[in-house]
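Each chain is listed here by its residues.
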Amino acid sequence: MTLTPVEPELVGDANGRSLLHLQCHFGLDTLSWARLGARVTGADFSAPAIAQAESLAAELGIPARFVCSDLYQLPDQLEGDFDVVYTSWGVLCWLPDLARWAQVVARFLTPGGRFHLFEFHPIADVFDDELQPAYHYFFEPEGYREPWTATYADLEAEIAGESWQWAHPVSEIVGALIGAGLRIERLDEFPWIRWPRFQALVPGRLAGTWELPSGHLPLSLHIEASR
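None of the values given here were measured: they were computed from a predicted structure. (Residues numbered from 1 in each chain as written. Predicted model: local features only at pLDDT ≥ 70, side-chain atom pairs only at ≥ 80, totals over all residues. Heavy atoms only, no water.)

*Asks:* Just checking my understanding: could you explain the pairing of strand S5 (residues 109-120) for this structure?
*Replies:* Looking down a regular strand, the side chains alternate between one sheet face and the other. For S5, a buried count of nine out of twelve residues is recorded, marking the element as mostly surrounded by other parts of the structure. Sheet topology places strand S4 (residues 82-88) next to S5; six bridges connect them, and they run parallel. Looking at S5, one finds that phenylalanine 82 is bridged to leucine 109. Following the backbone out of S4, through helix H5 (residues 98-108) and into the adjacent parallel S5, one traces a crossover that is right-handed. The sheet contact formed by S5 and strand S12 (residues 220-226) spans seven bridges and is antiparallel. Directly across from phenylalanine 115, in S12, lies its bridge partner alanine 225. (Buried < 20%, exposed > 50% of the residue type's maximum accessible area, 1.4 Å probe, protein only. Helix = DSSP H or I, 4+ residues; strand = E, 2+ residues; numbered from the N terminus. Pairing = 2+ DSSP bridges. Right-handed = clockwise from strand over helix to strand, strands pointing away.)

What follows is the structure, encoded as structure tokens:
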């Protein structure tokens, strides 16, 4: 299980429900939902990540479907709708257009279905590793570019390249979902995240999380929306 205890609690009983995991990367959270009884489909644009997800599912004997597709093109690659659309942890920063993202979310929700976003809080994205302001809070259409030397997927990997990322404030996320015809049901803010993103973080009181000693900064959020 790689999910935080909060995620199954807020999403609710997954047993027997169809669940689409957008930007699933190599599928660990997707397979965690399958272990809770969900009928899962994971989608990601990275062919190596999808291949790894399929390999993990086969190795563990967990039924799961994975689709390799750019998120914006997914409606052309995948049919049907789902009881739950889920996306989590470090995904929105890679998307330049949240209006189109929200339309994809709405497209795959069955009537009455629920969308759940678990994500780093946009205010936390303003700070660098030493908690110094370094990035935009408000959306910048051109995004920002920076050297890419490490990855959470392999902390010892040596990488030489660049990354492009986009800042999305809370108002933009909520506005995109409303603009796609979804109803905001819930918004939660938390003082913890799933990995030690900043040097000052300490193990959190919630299992598998990290937080600041003061707990005075929101580090993650959850949004639930319905169709």
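*Asks:* Just checking my understanding: could you explain the packing of helix H2 (residues 28-35) against helix H3 (residues 47-60) for this structure?
*Replies:* Orientation of H2 relative to H3, taken along the N-to-C sense of each, is 35°, at an axis distance of 10 Å. Considering only the axes of H2 and H3, their crossing is right-handed. Residues Leu28, Leu31 and Arg35 of H2 form the contact with H3, whose participating residues are Leu56, Ala57 and Leu60. Residue composition of the contact of H2 with H3, grouped by class: five nonpolar, no polar and one charged. (Axes fitted to C-alpha atoms, helices over the stretch in contact; angles between N-to-C directions. Left-handed = near helix turned anticlockwise from the far one by under 90°. Contact = heavy atoms within 4.5 Å. Nonpolar A, V, L, I, M, F, W, Y, C, P; charged D, E, K, R; others polar.)

*Asks:* In this structure, what is going on with the side chain of histidine 168? I would like to understand it.
*Replies:* Secondary-structure assignment places histidine 168 in the loop between strand S7 (161-165) and helix H6 (170-179). Looking at histidine 168, the relative accessible area reads 6%, which means it is buried. A distance of 3.2 Å separates a polar side-chain atom of histidine 168 from the backbone oxygen of leucine 92. Separated by 2.8 Å, the side chains of histidine 168 and glutamate 172 make a polar contact. Not counting residues up to four positions away in its chain, the partners in contact with histidine 168 are Leu92, Leu95, Pro96, Leu98, Pro122, Tyr137, Phe139 and Ile173. (Polar contact = N/O pair within 3.5 Å; in protein donor to acceptor, adjacent residues only side chain to side chain.)

*Asks:* What is the right way to look at the packing of H5 against H6 in this model?
*Replies:* Helices that pack against each other are described as a pair by the angle of their axes relative to one another and the distance between those axes. As a packed pair, H5 and H6 sit with axes 8 Å apart at the nearest point and diverge in direction by 45°. Classed by the angle they form, the pair H5 and H6 counts as oblique. As H5 packs across H6, the resulting crossing turns out to be right-handed. The residues of H6 that touch H5, namely those facing Leu98, Ala99, Trp101 and Ala102, are Glu172, Ile173, Ala176 and Leu177. (Parallel < 35°, antiparallel > 145°, perpendicular 65-115°, else oblique.)

*Asks:* Before we go on, may I ask you to explain the pattern of salt bridges in this structure?
*Replies:* Between side chains of opposite charge, pairing is possible as soon as their charged atoms come close. In total, this model carries seven salt bridges according to the counting rule given. One salt bridge connects arginine 114 with glutamate 224, and the closest N-O pair in it is separated by 2.9 Å. Here the residue arginine 114 occupies a position in strand S5, and glutamate 224 occupies one in strand S12, the gap between them amounting to 110 residues. Judged by relative accessible area, which is 28%, arginine 114 ranks as partly exposed. Here glutamate 211 makes a salt bridge to arginine 205, at a shortest N to O gap of 3.0 Å. (Salt bridge = Lys/Arg side-chain N within 4 Å of Asp/Glu carboxyl O.)

*Asks:* Help me understand the packing of aromatic side chains, please; the structure alone is not making it clear to me.
*Replies:* To describe a pair of aromatic rings, you give the distance between the ring centres and the angle between the ring planes. For the coordinates displayed, the defined rule picks out ten aromatic pairs. Taking the centre distance of 5.1 Å and the plane angle of 85° together, the rings of tyrosine 137 and phenylalanine 138 count as edge-to-face. Judged by relative accessible area, which is 24%, tyrosine 137 ranks as partly exposed. Taking 4.8 Å as the distance between ring centres and 20° as the angle between the ring planes, the aromatic pair formed by phenylalanine 190 and tryptophan 192 counts as stacked. Phenylalanine 190 sits in the buried class, given a relative accessible area of 13%. Among the aromatic residues, ring-to-ring pairing joins Trp33, Tyr86, Trp89, Phe118, Phe120, Phe190, Trp192 and Trp195 into one connected group. Directly above the aromatic system of tyrosine 72 lies the positively charged group of arginine 100, at a separation of 4.2 Å from the ring centroid. (Phe/Tyr/Trp six-rings, centres within 6.5 Å; stacked < 30°, edge-to-face > 60°. Lys NZ or Arg CZ within 6 Å of the ring centre and 35° of its normal.)

*Asks:* Please explain the sheet that holds strand S10 (residues 202-203) as it appears in this structure.
*Replies:* Strands belonging to one sheet form pairs held by backbone hydrogen bonds; the direction of such a pair is parallel or antiparallel. If you trace the three strands from one edge of the open sheet to the other, you get S9-S11-S10, paired in antiparallel fashion. One side of each edge strand has no neighbouring strand; the edge strands of this open sheet are strand S9 (192-193) and S10. Alignment of S10 against strand S11 (residues 210-211), held across two bridges, turns out to be antiparallel. When the bridges of S11 are listed, valine 202 appears paired with glutamate 211.

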